[in-house]
Amino acid sequence: MNYSKLNLTMCICLLAAMISCNNKPKDDYSWLKNSIDVSVAQLDMTSAELADSAKLPRSIWVEYDSAFLCRQIEADYSTFKDSLRPNPDAEKIGQRKLTGVYDWTSGFFPGSLWYAYHITGNDQMKDQAAKFTNLLYPVSYYKDTHDLGFMINCSYGNAGLFSPNDTIKAVIVRTADNLISRFDPAIGAIRSWDFGTWNFPVIIDNMMNLDLLFNATKLTGDNKYKEVAIAHANKTIAHHFRPDYSSYHVVSYNSDGTVERKQTHQGKNDESSWARGQAWAVYGYVSCYRDIKDTTYLSQAVNIAELIMNRVKTADLIPLWDYDAPDAEETPRDASAAAITAAAFIELSTMVEDGSKYFDYAETILRNLSGETYLAPVGTNQGFILKHSTGSLPNGSEIDAPLNYADYYFLEGLSRYMDIKNIKYKDL
Ligand code: GLY
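Residues numbered from 1 in each chain as written. Predicted model: local features only at pLDDT ≥ 70, side-chain atom pairs only at ≥ 80, totals over all residues. Heavy atoms only, no water.

Undergrad: Looking at this structure, how should I read the packing of helix α4 (residues 108-120) against helix α6 (residues 148-162)?
TA: Helix packing geometry: the angle between the two helix axes and the distance between the axes. Axis separation between α4 and α6 bottoms out at 8 Å; the angle between their running directions is 25 degrees. Relative to α6, the element α4 lies roughly parallel. Taken as a pair, α4 and α6 cross one another with a handedness that is left-handed. Only Phe150, Cys154, Ser155, Asn158, Ala159 and Phe162 of α6 make contact with α4, whose side of the interface consists of Phe108, Pro110, Gly111, Trp114, Tyr115, Tyr117 and His118. (Axes fitted to C-alpha atoms, helices over the stretch in contact; angles between N-to-C directions. Helix = DSSP H or I, 4+ residues; strand = E, 2+ residues; numbered from the N terminus. Parallel < 35°, antiparallel > 145°, perpendicular 65-115°, else oblique. Left-handed = near helix turned anticlockwise from the far one by under 90°. Contact = heavy atoms within 4.5 Å.)

Undergrad: Mind showing me how you'd approach helix α5 (residues 123-135) here?
TA: One full turn of an α-helix is made of 3.6 residues, so residues set three or four places apart face in the same direction. The end-to-end C-alpha distance of α5 is 19 Å, a good match for the 18 Å that 13 residues give at a rise of 1.5 Å each. Taken residue by residue, α5 has Met125, Gln128, Ala129, Phe132 and Thr133 as its buried positions. Buried residues along α5 cover an arc of 135 degrees about the axis, so they all sit on one side. Those residues of α5 that are buried are in contact with α2 (30-49), β1 (56-60), α4 and α6. The opening residue of α5 is Asn122, an N-cap whose side-chain oxygen sits 2.8 Å from the backbone nitrogen of Gln124. (Expected span 1.5 Å × (residues − 1). Buried < 20%, exposed > 50% of the residue type's maximum accessible area, 1.4 Å probe, protein only. Arc of directions from axis to C-beta. Polar contact = N/O pair within 3.5 Å; in protein donor to acceptor, adjacent residues only side chain to side chain.)

Undergrad: Can you help me understand the state of the cysteines in this one?
TA: The bond known as a disulfide is covalent and runs between the sulfur atoms of two cysteines. As enumerated under the stated definition, the model contains zero disulfides in all. For the unlinked cysteine Cys288, the closest cysteine sulfur is that of Cys154, found at 15 Å. (Disulfide = S-S within 2.5 Å.)

Undergrad: How should I be thinking about the nonpolar core in this particular structure?
TA: A general tendency of soluble globular proteins is for nonpolar side chains to be buried together. If you look at the biggest cluster of nonpolar residues, it comprises 123 residues, and the most contacted ones within it are Leu32, Leu213 and Tyr409. Apart from the residues within four sequence positions on either side, Leu213 is in contact with Ala176, Leu179, Ile180, Ile190, Tyr225, Lys226, Val228 and Ala229. Formed by seven residues, the second largest nonpolar core is a distinct cluster that contains Ile187, Ala189, Tyr248 and Val251. (Core = buried A, V, L, I, M, F, W, Y, C linked by side-chain atoms within 4.5 Å.)

Undergrad: What is the right way to read the packing of aromatic side chains from this model?
TA: How two aromatic rings sit relative to each other is given by the distance of their centres and the angle of their planes. This structure, assessed with the given rule, holds 30 aromatic pairs. Ring plane angle 45 degrees and centroid distance 5.3 Å describe the contact between Phe345 and Tyr361, whose orientation is recorded as tilted. Placement of Phe345 in helix α12 (residues 335-349) and of Tyr361 in helix α13 (residues 356-369) is noted, with a sequence separation of 16 residues between them. The pair formed by Phe345 and Tyr361 is uniform in burial state, with each residue classed as buried. With centroids separated by 4.8 Å and ring planes inclined at 85 degrees, the aromatic side chains of Tyr408 and Tyr409 adopt a geometry described as edge-to-face. Owing to a relative accessible area of 2%, Tyr409 belongs among the buried residues under this scheme. Through pairs of rings, three or more aromatic residues link up here, namely Trp104, Phe108, Tyr115, Phe150, Phe162, Trp280, Tyr283, Tyr405, Tyr408 and Tyr409. Between the NZ or CZ atom of Lys92 and the centre of the ring of Trp61, over which it lies, the distance is 4.2 Å. (Phe/Tyr/Trp six-rings, centres within 6.5 Å; stacked < 30°, edge-to-face > 60°. Lys NZ or Arg CZ within 6 Å of the ring centre and 35° of its normal.)

Undergrad: In this structure, what is going on with the environment of Lys387? I would like to understand it.
TA: With respect to the helices and strands, the residue Lys387 is situated in the loop between α13 and α14 (404-421). The class of Lys387 is partly exposed, set by a relative accessible area of 23%. Spatially, the C-alpha atom of Lys387 lies 4.7 Å from that of Pro402, the residues being 15 residues apart in sequence. What Lys387 contacts, discounting residues up to four positions off in sequence, is Ala335, Glu372, Thr373, Tyr374, Leu375, Ala376, Pro377, Asn381 and Ala401. At a separation of 3.3 Å, a polar atom in the side chain of Lys387 contacts the main-chain carbonyl oxygen of Glu372.

Undergrad: Explain unusual backbone geometry to me, please; I cannot follow it from the model alone.
TA: Most peptide bonds take the trans form, and the phi angle of most residues other than glycine is negative. We note that Tyr245 has phi near 70 degrees; this positive angle belongs to a residue other than glycine. Residue position: Tyr245 is located in the loop between α9 (224-239) and β6 (250-253). Among the residues examined, Tyr245 registers a relative accessible area of 30% and is labelled partly exposed. Positioned with a positive phi, His388 is a non-glycine residue whose angle comes to about 70 degrees. Looking at where His388 falls in the secondary structure, it is placed in the loop between α13 and α14.

Undergrad: Can you walk me through the packing of helix α7 (residues 168-180) against helix α8 (residues 210-220) in this structure?
TA: The geometry of α7 relative to α8 is characterised by a closest axis approach of 9 Å and an angle of 125 degrees between their N-to-C directions. The angle between α7 and α8 falls in the class oblique. Relative to α8, α7 is oriented so that their crossing is left-handed. Taken together, the residues of α8 that come into contact with α7 (itself represented by Lys169, Ile172, Val173, Thr175, Ala176, Leu179 and Ile180) are Leu212, Leu213, Asn215, Ala216, Leu219 and Thr220. Classifying every residue of the contact of α7 with α8 by side-chain character gives nine nonpolar, three polar and one charged. (Nonpolar A, V, L, I, M, F, W, Y, C, P; charged D, E, K, R; others polar.)

Undergrad: Whenever I open this one, the site of the ligand confuses me. Can you help?
TA: Residues in contact with the ligand, as listed here, are Trp104, Asp205, Gln266, Trp274, Arg276, Trp280 and Tyr405. Within the side chain of Asp205, a nitrogen or oxygen atom sits 2.7 Å from a nitrogen atom of the ligand. Between an oxygen atom of the ligand and a side-chain N or O atom of Trp280, the distance comes to 2.9 Å. Relative to its free-state accessible area of 200 Å², the ligand is covered by the protein chains to the extent of 93%. Classifying every residue of the shell around the ligand gives four nonpolar, one polar and two charged. (Near = heavy atom within 4 Å. Areas by Shrake-Rupley, 256 points an atom, 1.4 Å probe, with all protein chains shown as cover.)

Undergrad: Please explain the confidence of the model for the protein as it appears in this structure.
TA: Note that predicted coordinates carrying low pLDDT should not be read in detail. Overall, the predicted model of the protein reaches an average pLDDT of 95, with 94% of residues at or above 70. Scored below 50 in pLDDT, residues 1-6 shows two contacts in the model against residues more than four places distant or in partner chains. In the predicted structure, residues 11-21 sits below a pLDDT of 50 and forms zero contacts with residues beyond four places in sequence or in another chain. (pLDDT = per-residue confidence, 0-100.)

Okay, here's the thing in structure tokens:
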């Protein structure tokens, strides 16, 4: 190469470096880029390992120790022994826990792939997202749970946003019809569960299924879906919350719509504040306000957000599995509750004048989840992205383990964060 060619090449390189420098966000987002890259690598590994399986990843099998559970619940073993699931067989411990399409969490793995595609534009993520979403097609004919919103909106709903095609509308609408078939007009709510001794159980988690109904109204122009969602949201405001805006987990209704009982199923006790329940609650009312624009829902979301910010006392803002759990080194966290809160708070920050406090809180959560305590090194954690969530401690299930929904809401939170800050993955 002669000198003039060399100079020209150097000039081009310098110019390219300057242009790419100008496009780079000026803050240090190495934490964000690392989290995205780790997520893609983990999702890629999991998709490859599940290539020929009709199963989806849910968690890792872990065991529990009854004495530890007693310390966490601060109650005698006899108070919860009947609800405990048996410990897994020894050979399962540490292995990936898979699930079928009718499990309430089936939409989260395809949903994580859709977010990874949306964030990066990586076609491998898109192909896998479409493949795992298609597995859930039979769920659109299913009626036996309220969790249809989680299952179909996170999979097909995100497909409709990020890679629309003609079949998605029919799936969403059929599922929404099945979800509203669980609505009882005399009670004014959607029935959550078909098991247990409750007359008509409604859990706070059910607020998360309303997005599917708002979506169905948008797709069809038929308000019947939205009206069921509004009735359910109003009934839940009336009975699920304590004066401090913390939420009961389960409220069961008599057939005339009066309250039969208020209880917990996954929290420490009936009057405690189960961390994920508070996160579902704030997320649910943020979604209602997005779609209905009734300020009742915005006020409810703001009040729950304040409760969360007051009650979570951990330095890194990743809550204990229940706000009332012992303040002890051994008490498990729930990274899923933090991720759900972060995704909700970012959206809430756009709805109120003093939104920066919610945005900053969410950013702290996302940065902390992106640190080495929570973010798994590539190739570990059975392919899950985050560590340290808690599924259902009083049932002895998924304690201090990864969860597919922690990963999903983490990616949703990162995606919302990037949208608001106008950060593009290619510029990181
Ligand atoms: N919806 C069940 C849970 O949050 O564990």
